[in-house]
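# Fold and geometry: a report
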Amino acid sequence: MTEIISVRFRPGGKQYYFDPAGLTVAEGQSVIVETGKGLEYGACVKRNTMVEDGAVVQPLRPVVRLANERDERQVRENRGKEKEALRTCQQLVERHGLDMKLVQVEYSFDGSKILFFFTSDGRVDFRALVKDLAGVFRARIELRQIGVRDEARMLGGFGICGKPFCCSQFLDEFQPVSIKMAKTQNLSLNPTKISGTCGRLMCCLKYEQGAYEDAVKRCPKQESFVECPNGVGTVSSVNLLREQVKVRLEDSSEQPKSYLTDEIRVVRPGKGRRPEGYEPPPKGELEKLRTQEGEQLRGGRKLEGPSDLNQVLERYLSDGGQKQQPGDGQRQGGRRNRGHGKNSPQGQPKQEKAAQPKAQKQSQPKGAAQEGGQPAGAGNGAQSQNHKRRYRPHHRRRPGGGQEGQS
């Protein structure tokens with residue numbers, strides 16, 4: 001076993017193992033370590049830990065000391081110099097007319113070396129630029145060309161998920177991402193939806209790829225000929241996350257039905273028709289494939305509770321019908337029965353009016369004469385007026401309707 005600490009030299013950069021040399025370093029504490037380029041300043045991201053000898057490359061370089069106030073001041077001065085060096089280099093690039101984009105500048109801890117990172121579509125002849133930079137800064141100059149993914153890591157930003165870039169937060173190394181991952185996960189192949197800010201495929205496609213590959217082994221392929229509890233048919237679509245499939249039955253013209261992968265039995269995988277000489281099993285044997293979870297499957301999801309939505313709806317309506325909203329009786333008596341007393345014969349309940357047969361209402365047309373030679377609107381004085389008021393409010397009367405009973 002070997003004791004190590006993990007050190008990172010810049011945010012989002014790669015982690016390196018060093019020998020603590022007897023020092024106890026806490027996580028997040030700054031240290032000065034010895035590297036192949038000399039002394040460097042870094043931050044500890046993993047405190048003293050014992051690892052297997054085969055997990056590290058011997059010999060490990062040691063930690064020189066814990067960073068003190070003088071070292072912190074030196075680092076702050078280098079950060080200020082990096083901004084000035086970036087502006088100066090940009091001016092020299094424009095003067096030389098080079099097709100390159102500067103991304104970042106890094107000073108070594110002792111200031112003896114300056115590293116310039118840039119991006120370009122092709123190769124750049126920057127020998128003249130290096131001579132000018134060495135004459136200005138009086139230090140060793142190194143220009144390094146990087147890719148767009150490294151540029152996104154250095155500059156940082158927010159992705160379409162609303163969180164900072166993974167590459168600038170915790171990814172030590174870029175994992176290979178291919179368009180096959182997007183196809184396996186049934187994602188849209190639109191480049192604008194599966195590409196990151198850098199223009200490459202999003203790194204997060206790699207995170208769930210293992211789970212999808214494992215689900216693919218348990219789920220049938222599309223267009224497979226299968227047996228299911230309701231008969232035999234062809235798989236029309238596959239939902240890998242829920243491990244559900246939609247089957248288009250042979251003897252049914254309805255929409256494809258959803259089943260769990262445990263409820264089907266593959267007869268011929270892949271794109272293939274019904275095998276020659278195949279006879280489907282009896283209906284009773286196919287029903288044995290149905291599971292309890294499959295019975296609760298409705299619309300491609302499981303219901304938490306009663307499987308019949310009509311029962312839930314009826315229960316909700318029955319509970320809501322027994323509860324009367326406060327003030328309903330006052331509104332009914334104040335607006336619909338306005339002008340009638342509490343014990344007035346005209347104040348009939350709403351249920352009694354609804355119980356009157358339609359034949360009685362439709363037996364006589366409007367304005368037709370009743371027995372005794374009187375029109376329909378001239379009977380019983382006040383009752384007929386109240387009757388009009390109830391069934392024909394003042395804002396719904398027809399023109400001349402008030403004189404109909406006087407003709």
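Up top is the structure these notes are about.
This section reports on the structure supplied with the text. As the structure is a prediction and not an experimental result, all values here were calculated from the model.

### Focus: the overall build of the protein
- The helix and strand inventory of the protein stands at 13 helices and 15 strands.
- Out of the 407 residues in the protein, the part that is buried amounts to 30%.
- Sequence-distant contacts in the protein: of pairs separated by 6 or more residues, those separated by 24 or more amount to 57%.
- Put simply, the protein shows about 27700 Å² of open surface, and 47% of that area lies on carbon and sulfur atoms.

### Quick word on the pattern of salt bridges
- According to the stated counting rule, one finds 14 salt bridges in the structure shown.
- Across the pair Arg10 and Glu106 runs a salt bridge, and its minimum N-O distance is 3.4 Å. Of this pair, Arg10 sits in the loop between strand S1 (2–8) and strand S2 (15–18) while Glu106 sits in strand S6 (residues 101–107); the two residues are 96 residues apart in sequence, bridging distant segments of the chain.
- Accessibility expressed as a relative area gives 30% for Arg10, which makes it partly exposed.
- The shortest N-O distance in the salt bridge between Lys101 and Glu151 comes to 2.8 Å. Of this pair, Lys101 sits in strand S6 while Glu151 is found in helix H3 (residues 148–155), placing the two residues 50 residues apart along the sequence.

### Remarks on the pairing of strand S4 (residues 38–51)
- Relative to S4, S1 is paired through six bridges, and the arrangement is antiparallel. Looking at the pairing, Ser6 lines up with Lys46 of S4.
- With six bridges joining them, strand S3 (residues 30–35) and S4 adopt antiparallel strand pairing. The partner of Val31 across the bridge, within S4, is Gly42.
- Connecting the antiparallel pair S3 and S4 is a turn made up of two residues.

### Concerning helix H1 (residues 69–96)
- The end-to-end C-alpha distance of H1 is 41 Å, a good match for the 40 Å that 28 residues give at a rise of 1.5 Å each.
- Those residues of H1 lying buried are Asp71, Val75, Asn78, Glu82, Ala85, Thr88, Cys89, Leu92 and Val93.
- Put simply, Asn68 is the residue that caps the front of H1, since its side-chain oxygen is 3.2 Å from the backbone nitrogen of Arg70.

What counts, and where the lines are drawn
- Residues numbered from 1 in each chain as written.
- Predicted model: local features only at pLDDT ≥ 70, side-chain atom pairs only at ≥ 80, totals over all residues.
- Heavy atoms only, no water.
- Helix = DSSP H or I, 4+ residues; strand = E, 2+ residues; numbered from the N terminus.
- Buried < 20%, exposed > 50% of the residue type's maximum accessible area, 1.4 Å probe, protein only.
- Contact = heavy atoms within 4.5 Å.
- Areas by Shrake-Rupley, 256 points an atom, 1.4 Å probe, with all protein chains shown as cover.
- Salt bridge = Lys/Arg side-chain N within 4 Å of Asp/Glu carboxyl O.
- Pairing = 2+ DSSP bridges.
- Expected span 1.5 Å × (residues − 1).
- Polar contact = N/O pair within 3.5 Å; in protein donor to acceptor, adjacent residues only side chain to side chain.

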